[in-house]
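Chain residues, written in single-letter form:
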Amino acid sequence: MYTKASGPMPLPVLICDDSAMARKVMARSLPGDWDIDVSFACDGREAISAIEAGRADLLFLDLNMPVMDGYEVLQTIRQRDLPTMAIVVSGDVQQAAYDQVMALGALDFIKKPANGKKIADILQRYGIVEKPQPPSERIVDSVADTPTLAVALQDLMQEVVNIAMGEAGASLSKLLNTFVKLPVPKVMSCRYDELHRYIAAANYTTLSGVTEGFIGNNITGEAILLIDEQSFGRLFKLFDYDQRLRKVSDLEVLVDLSSVITGACLQSIGTQLDLQLSYSAPVMLGRQQNASELLNNANKAQQVLAIEVNYAIPDQSIDCDLLIVFTEQSIAELEDRAGCHQ
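Position numbers for residues count from 1 along each chain, tracking the sequence in the order it is written. Since the coordinates come from a predicted model, pLDDT governs what is reported: local features require at least 70, and pairs of side-chain atoms require 80 or more to be given and counted, while whole-chain, interface and lining totals use all residues. To obtain the side-chain values, all non-hydrogen atoms of the structure were used and water was disregarded.

Draft legend 1. Quick peek at the side chain of threonine 327. Numbered from the N terminus, helices here are DSSP runs of H or I no shorter than four residues, and strands are runs of E no shorter than two. Tracing the sequence through the fold places threonine 327 in the loop between β12 (318-326) and α11 (331-337). Two residues qualify as a contact provided that any one of their heavy atoms is within 4.5 Å of a heavy atom in the partner residue. For threonine 327, the residues in contact, after removing those within four places along its chain, are Thr220, Gly221, Gln302, Gln303 and Val304.

Spelled out as structure tokens, the structure:
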């Protein structure tokens, strides 16, 4: 059992995650009989301050966060020799991500969503707890306990897509044998005809795009994959198509990329939200157009809930933008699943 040198006392435990829902799930997954003092951080900078203040003898650390991500936190802990044990809790399940955090000194790695048994096994393995009891309800930060309607839905979708994009990133990393950098998902509510103004792809004038519709359990939407012209050319080379066998069309390149990223992401979203989703065949939106032209839609005036994930392959200078767009009619169902109407 972990104790301070001066005698038994509550162990300072810090949960660092930009998602209020993830912090809440993590806190409630900890052993019920564990004598700890839990605090929370929303990003890496807050985590470093908490460690320096003595509030994090043990740190549960997310990787994809704003301000300072988990990799930077681990680097800072190592550089400053800060007194904490870090266990990474992340949806990024790439082997390269695991190898990198372990090389930076992480104690262990837990795949999101947090699992009480897995956490207990790790804590027991390192002698931090002895024969832990099942998790029990713990008081968590007020942001997680009393969300507004908008905050609850935004937080749910950000965390669901965070886990989903980790699955998709791992599939893409394995296929292309390279590390895929994953960002914090961006959740936005706006009119469809205004969506192009708020996305990273708006910075490019020559984009290609493909869309794939989905429907199930009163939820409909589309997954849109956008890629700029330079990244498109590099991606073509990375997939290593043999043009001597047959000519590969632009649509085929985009469909191949979409099948890896969109397919894995939508499947994970469906599993997490208990949705039985059906998918349409990918359709080309256009080539060498800007975001406004590609996102021109017959229902452009309707309100939508959109989540943006900007995937990047740094060593190949490739970026692509994935948009998961839920229709206005789907929002009430998503709010129910977020517990907004309880």
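Draft legend 2. Looking closely at the nonpolar core. If you look at the biggest cluster of nonpolar residues, it comprises 48 residues, and the most contacted ones within it are Met157, Leu257, Ile261, Tyr311, Leu322 and Phe326. Breaking this core down by element, the ones donating at least two residues are α7 (149-176), β7 (207-216), β8 (219-228), α8 (229-239), α9 (250-272), β11 (303-313), β12 and α11. Per-element tally for this core: the top contributor is α7, with ten residues. Apart from the residues within four sequence positions on either side, phenylalanine 326 is in contact with Met157, Phe214, Ile219, Thr220, Gly221, Val304, Leu305, Ile307 and Leu334. What is meant by a nonpolar core is a set of buried Ala, Val, Leu, Ile, Met, Phe, Trp, Tyr and Cys residues, joined one to another through side-chain atoms within 4.5 Å. Using a 1.4 Å probe on the protein chains alone, a residue whose accessible area is under 20% of its type maximum counts as buried, one over 50% counts as exposed, and one in between counts as partly exposed. If you look at the next biggest cluster of nonpolar residues, it comprises 25 residues, including Cys16, Tyr71, Ala106 and Phe109.

Draft legend 3. Just the sheet that holds strand β5 (residues 108-111), in detail. Ordered in space as β2-β1-β3-β4-β5, the five strands form an open sheet in which the pairing is parallel. One side of each edge strand has no neighbouring strand; the edge strands of this open sheet are β2 (36-41) and β5. Put simply, the sheet's adjacent strands are angled 20° from each other on average, direction ignored. Criterion used throughout: strands pair if DSSP finds at least two bridges between them. Pairing of strand β3 (residues 58-61) with strand β4 (residues 85-90) involves four bridges; the strand directions are parallel. Pairing of leucine 59 across the sheet is with alanine 86, part of β4. All axes are obtained by fitting lines to C-alpha atoms, using only the stretch in contact for helices, and the reported angles, taken between N-to-C directions, cover 0 to 180 degrees.

Draft legend 4. Fine view of the confidence of the model for the protein chain. Confidence scores per residue from the predictor, reported as pLDDT, run from 0 to 100. On average, residues of the protein chain score 86 in pLDDT, and 88% of them are at 70 or above. Across the protein chain, β3 holds the top mean pLDDT of 98, while helix α6 (residues 142-145) sits lowest at 39. Taken as a whole, residues 1-7 scores under 50 in pLDDT and shows 13 contacts with residues more than four places along the chain or in a different chain. Note on residues 141-149: pLDDT under 50 across the span, and twelve contacts to partners over four residues away in sequence or across chains.

Draft legend 5. The arrangement of helix α1 (residues 20-28) in detail. For α1, the complete set of buried residues consists of Ala20, Ala22, Arg23, Lys24, Met26 and Ala27. Whenever a nitrogen or oxygen atom comes within 3.5 Å of another N or O atom, the pair is scored as a polar contact, on the condition that within protein one atom can donate a hydrogen and the other can accept it, and that pairs from neighbouring residues in sequence are kept only if both atoms are in side chains. At the N-terminal end of α1, a side-chain oxygen is found 3.3 Å from the backbone nitrogen of methionine 21, two or three residues along, and the residue is serine 19.

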